[in-house]
Amino acid sequence: MVKKFTIFKIVMVLVMVGLVAIPVTALASLTKFQFYSNPLDSLTPASIDENGTITKTSIIYITNFGWYDVNSVLLATSVLNESFYFYSAPLIRASVIPKGSIMPIPITMSVNTTALNATGTLGDFLNTSSFFGQTILSVRYAFSLATLSTLLINPIGAMSPMFNLTVDPAILDLVSNTTANVPIFFLNTLQSYNLSIKAELRNSSGSVASGTGLFTIPSATFFAVPFIENVTVSTGGGHIVSGGGYTLVLTVESPFGYTCTKSGYEVVST
């Protein structure tokens, strides 16, 4: 009986030592848990889909050379500007990192331009030249006995499909006086996308002329790509008179919705 009791005490001591050792070694193992990103990811252009959602993908490399598996890595990512204004709600994903491994984890930054347009912040987004990605990293380690949380804010490059949108005076067709070309200019920092844009010329009496342009915007590589083109507006019969006093309404119909209005717009003849 005494021998059985002694064995029981030894087992209990070993269990207690184990229970104490696990959190201690877990905390020590956290020093062997590291993460880093590839700075070249910021040079890769983001993409835009037919619904106007802009997506930027990068990779975080996580090393777990400790003694325990990472039970979960929770990532919450958001897109910010230089003033730390949030352009997107957090995207959340979870992963498991086995011990003794290096794991590449895709990081997705996404911005819904429709949502920005509804809040009146799309114009600011389009004219932002420098974006930041915020990643909240939460780690549960060694049977969730140890945790680590950290905040990463890194430059992620440009994400504007129409940076520095500029509209020059319309050029009147002197042969017919019923059409005019509206020159538009902007910089694209995304991969190639299809653009539908409508221009409407108005005066105090209402609409004078309108027209739609369909374009394939060339893809950016490491730098923004300039785009220069004309949208032809037509009266359908009436004459356009050169001079100022017009209002130009420029509407991006797809892949996102955005309206730019320029008052005091001028039509010139050459």
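Thresholds, definitions, all that
- Residues numbered from 1 in each chain as written.
- Predicted model: local features only at pLDDT ≥ 70, side-chain atom pairs only at ≥ 80, totals over all residues.
- Heavy atoms only, no water.
- Helix = DSSP H or I, 4+ residues; strand = E, 2+ residues; numbered from the N terminus.
- Buried < 20%, exposed > 50% of the residue type's maximum accessible area, 1.4 Å probe, protein only.
- Polar contact = N/O pair within 3.5 Å; in protein donor to acceptor, adjacent residues only side chain to side chain.
- Contact = heavy atoms within 4.5 Å.
- Phe/Tyr/Trp six-rings, centres within 6.5 Å; stacked < 30°, edge-to-face > 60°.
- Pairing = 2+ DSSP bridges.
- Salt bridge = Lys/Arg side-chain N within 4 Å of Asp/Glu carboxyl O.
- 1 Å grid on protein atoms, 1.4 Å probe; cavity = no way out; pocket = protein on both sides within 12 Å on 5 of 7 lines; lining within 4 Å.
- Points joined across faces, edges and corners; volume = space filled by probe spheres on them.
- Nonpolar A, V, L, I, M, F, W, Y, C, P; charged D, E, K, R; others polar.

A. Expanded view of the side chain of T128. Tracing the backbone shows T128 in the loop between α3 (122-126) and β7 (131-141). Classification of T128 as buried rests on a relative accessible area of 10%. In this structure the side chain of T128 is engaged in a polar contact, spanning 3.1 Å, whose partner is the side chain of Y87. Non-local contacts of T128, meaning those with residues more than four positions away in its chain, are made with N81, Y87, S160 and F163.

B. Main features of the packing of aromatic side chains. Going through the model one piece at a time under the given rule, you end up with seven aromatic pairs. A centroid spacing of 5.3 Å and a plane angle of 70° characterise the contact between Y85 and Y87, whose relative ring orientation is edge-to-face. Judged by relative accessible area, Y85 falls into the partly exposed class, the value being 37%. Taking the relative accessible area as the measure of exposure, Y87 reaches 4% and is therefore buried. Measuring from centroid to centroid gives 5.4 Å for F215 and F227, while their planes differ by 65°, and the two rings are edge-to-face. In this pair, F215 sits in strand β13 (residues 206-217) while F227 sits in strand β14 (residues 225-234), placing the two residues twelve residues apart along the sequence. The exposure class of F215 is buried, given its relative accessible area of 12%. Given a relative accessible area of 7%, F227 falls into the buried group. Counting every residue linked through ring pairs, the aromatic cluster contains Y85, Y87, F125 and F131.

C. Focus on the pairing of strand β3 (residues 53-64). Judged from the five bridges that link them, strand β1 (residues 33-37) and β3 form a sheet pairing that is antiparallel. By the bridge assignment for β3, Y36 is matched with Y61. Judged from the two bridges that link them, strand β2 (residues 47-48) and β3 form a sheet pairing that is antiparallel. Looking at β3, one finds that S47 is bridged to T55. Count of turn residues in the β2/β3 antiparallel hairpin: four residues, of which G52 carries a positive phi of about 85°.

D. Representation of the pattern of salt bridges in the model. If you walk through the whole model with that rule in mind, you get one salt bridge. Among the ionic pairs, R202 bridges to E200, the shortest N-O distance being 3.0 Å. Taking the relative accessible area as the measure of exposure, E200 reaches 17% and is therefore buried.

E. Structural view of the side chain of S58. Position of S58 relative to the elements: it lies in strand β3. S58 has contacts with D41, I105, P106 and I107, leaving out every residue within four places of it along the chain.

F. Up close: the layout of surface pockets. Quantified by volume, the largest pocket comes out at close to 230 Å³. Lining the largest pocket are 16 residues, with S37, S58, N154, P155 and I156 positioned closest to its centre. Elements with a contribution of two residues or more to the lining of the largest pocket: β3, β6 (101-112), β7 and β8 (146-157). A total of four residues in the lining of the largest pocket trace back to one element, the largest contributor, which is β3. Classifying every residue of the lining of the largest pocket by side-chain character gives seven nonpolar, seven polar and two charged. What the second largest pocket holds in volume is close to 170 Å³. Lining the second largest pocket are 13 residues, and of these S42, L43, A158, F222 and F223 lie nearest its centre. Here the residues of the lining of the second largest pocket sort into seven nonpolar, five polar and one charged.

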